[in-house]
Amino acid sequence: MPVLEVKDLWVSYTRGGIRAYALRGINMSLERREVMGVVGESGSGKSTLGHAVAGLLPPNSIVERGSITLEGKDLTKMRDLFRVRGTGVFVIFQDPMTSLNPIMKVKDQLAEALQVREERESLPSPFIRWSRRRSLDNRTEREFLEALTRVRFRSPQEVLEKYPHQLSGGERQKVMIAMAYILRPKVLVADEPTTSLDVITQAQVMKMLLSLREEQGTAILLISHDVMLVSKLSDRMMVMYGGMVMEEGSSEELTKSPLHPYTKGLQASVPTQFKGEGRVKQIPGYPPNIFSMPQGCPFHPRCEMAMEVCRKVTPQESRRGEHNVSCHLYG
Ligand SMILES: Nc1ncnc2c1ncn2[C@@H]1O[C@H](COP(=O)(O)OP(=O)(O)O)[C@@H](O)[C@H]1O
Ligand code: SF4
Ligand SMILES: [Mg+2]
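All of these numbers come straight from a predicted model, not from anything done at the bench.

Brief notes about the sheet that holds strand β9 (residues 236–241)
One open sheet holds the eight strands; their spatial order is β6-β7-β8-β3-β9-β10-β12-β11, and the pairing between them is mixed. Two strands close off the open sheet at either side, each with one partner strand: β6 (89–92) and β11 (317–320). Neighbour-to-neighbour, the strand axes of the sheet open up by a mean angle of 20°, direction not taken into account. Where strand β7 (residues 187–191) and strand β8 (residues 219–223) come together, five bridges link them in parallel fashion. Among the inter-strand pairings, Leu188 is bridged to a residue of β8, identified as Ile220. On top of the sheet, helix α1 (residues 46–54) reaches β3 (35–39), β6, β7, β8 and β9; it is set at about 150° to β7, its chief contact.

Shown next, in the form of structure tokens:
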């Protein structure tokens, strides 16, 4: 049974009294220990999907239709945010400051994670009565130090006493991963986790995310605009555009033999060491705004293969060998 299953998910946002869809019938599933890459240009709906899975959609959004099932529980039916958090989905954003509390020391943030986990596991929690002024008990401190060591902090004892602003961007992201070690989420949503980091720290943080998967069997939804990065690190990949899944399949298949014109376009636009400057070809035009989404296939205004039907009818997802693809060329 997949740990996470999303079925026919439609999510809308309302702005200035107008409602528009950011997700239009998303289907996906994630197995334990699997890394699913979610790629697509800015505005494709990647973060909306990540937020929906984590129960963190903003107040101006509505889940119009569909289900998000985590180990058999439908998260869309849960209204209470804390309960959703306790179900075992954890999010790492591009900017860790959005998740870390600026006035809490690292040890207090880790303590919160432990409390959530213990509530989830319904064990009597020593932290329900825990106050920040008291020192950590030995067992807990050992667990915290171990988590910080796993994410390669050289002096974890010092890190426990630090506030987020005393850490670098990369170190904050490492604290987030240490929190995940303690929280033991079933699913980790990593939304552009390394976009604001330098190349070396990027590689370190990615390696740590993958270790988390190895050690705890965490399933990871790895969201990024960086197709190359994602194709190297994920088992499967889904390519999103206009709030729809354009193509989905094993990362190897999608890299070697993409079917969808949008997947092909994304790959052609990536400079690699094998291509000369002239071989890089940007997709013409820009992704659409959800408030002015074209009729039919959302990609048709930019697609070289567009046919008459593409301007009128939205393509349905269909199976082609190992791929799921939404395109009239394969319908
Ligand atoms: N809170 C919001 N209110 C209105 N529109 C939003 C909101 N958040 C995102 N959108 C719109 O939804 C679409 C998808 O956004 P998003 O999920 O952030 O895409 P991505 O992460 O792929 O860049 C975009 O057109 C974006 O402008
Ligand atoms: S459905 Fe038509 S416009 Fe859309 S990607 Fe396929 S060929 Fe292009
Ligand atoms: Mg985003």
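A short note on the site of ligand 1
Close to ligand 1 lie 15 residues; Tyr13, Ala22, Lys46, Ser47 and Thr48 are nearest. Of all the secondary-structure elements, those providing two or more residues to the shell around ligand 1 are β1 (4–15) and α1. A per-element tally of the shell around ligand 1 places α1 first, with three residues. Across the shell around ligand 1, the residue classes break down as four nonpolar, nine polar and two charged.

Description of helix α7 (residues 199–216)
In this model α7 runs 26 Å from its N-terminal to its C-terminal C-alpha over 18 residues, within 8% of the 26 Å that 1.5 Å per residue would give. All buried positions along α7 are accounted for by Val205, Met208, Leu209 and Leu212. Axial view of α7: buried residues confined to an arc of 100°, hence all on one face. Pointing more than 90 degrees away from the buried face of α7 are the exposed residues Val199, Ile200 and Glu214. Here the buried face of α7 lies against α6 (169–183), β7 and β8. Positive phi shows up at Gly217, right after α7, with a value of about 70°.

Concerning the sheet that holds strand β4 (residues 61–70)
The antiparallel open sheet is built from four strands, whose spatial order is β2-β1-β4-β5. Strand pairing shows two members of the sheet lacking a second neighbour, β2 (18–30) and β5 (73–74), which therefore form its edges.

Side note on the site of ligand 2
In the vicinity of ligand 2 lie 14 residues, with Cys297, His300, Cys303, Cys310 and Cys327 positioned nearest. When the residues that make up the shell around ligand 2 are grouped by side-chain class, the tally is twelve nonpolar, two polar and no charged.

Concerning the packing of α6 against α7
Where α6 meets α7, the closest approach of the two axes is 10 Å, and the angle between their N-to-C directions is 0°. On the basis of their axis angle, the class for α6 and α7 is roughly parallel. Here Gly170, Gln173, Lys174, Ile177, Ala180 and Tyr181 of α6 come into contact with α7, specifically with Thr201, Val205, Met208, Leu209 and Leu212. Per-class residue counts for the contact of α6 with α7 are seven nonpolar, three polar and one charged.

Things to note about the pairing of β9
A large share of β9 lies buried, amounting to six of its six residues. Where β3 and β9 come together, four bridges link them in parallel fashion. Considered in β9, the bridge of Met36 is made with Arg236. Relative to strand β10 (residues 244–250), β9 is paired through six bridges, and the arrangement is antiparallel. Residue pairing for β10: Met237 is matched across the bridge by Gly249.

Brief notes about the domain arrangement of the protein
Interfaces are often sized by the accessible area lost when the parts come together. Partitioning the protein into domains gives domain 1 (32–56 + 77–88 + 187–331) and domain 2 (102–183). On the side of domain 2, eleven residues touch domain 1, which itself brings twelve residues to the contact. At the level of secondary structure, the elements contributing two or more residues to the side of domain 1 that touches domain 2 comprise α2 (81–86) and α7. At five residues, α7 tops the list of elements feeding residues into the side of domain 1 that touches domain 2.

A look at unusual backbone geometry
In the Ramachandran plot, Asp8 falls in the positive-phi region, its phi being about 45° despite a non-glycine side chain. Along the chain, the position of Asp8 falls in strand β1. By the C-beta count within 10 Å, which is 12 here, Asp8 ends up exposed. Its identity as a non-glycine residue notwithstanding, Arg184 has a phi of 50°, on the positive side. For Arg184, the location among the structural elements is in the loop between α6 and β7. With 18 C-beta atoms counted inside 10 Å, the residue Arg184 sits in the partly exposed group.

Things to note about the environment of Leu209
Its place among the elements puts Leu209 in helix α7. Taking the C-beta count within 10 Å as the criterion, Leu209 has 24 such neighbours and is therefore assigned buried. Along the chain, Leu209 and Val151 lie 58 residues apart, while their C-alpha atoms are 9.2 Å from each other. Residues in contact with Leu209, not counting those within four places in the same chain, are Ile177, Ala190, Pro193 and Ile220.

What counts, and where the lines are drawn
Residues numbered from 1 in each chain as written. Chains lettered and ligands numbered in written order. Predicted model: local features only at pLDDT ≥ 70, side-chain atom pairs only at ≥ 80, totals over all residues. Pairing = 2+ DSSP bridges. Helix = DSSP H or I, 4+ residues; strand = E, 2+ residues; numbered from the N terminus. Axes fitted to C-alpha atoms, helices over the stretch in contact; angles between N-to-C directions. Contact = placed C-beta atoms within 7 Å. Near = placed C-beta within 6 Å. Nonpolar A, V, L, I, M, F, W, Y, C, P; charged D, E, K, R; others polar. Expected span 1.5 Å × (residues − 1). Buried ≥ 20, exposed ≤ 12 C-beta atoms within 10 Å, placed from the backbone. Arc of directions from axis to C-beta. Parallel < 35°, antiparallel > 145°, perpendicular 65-115°, else oblique. Domains from an automatic or database assignment.

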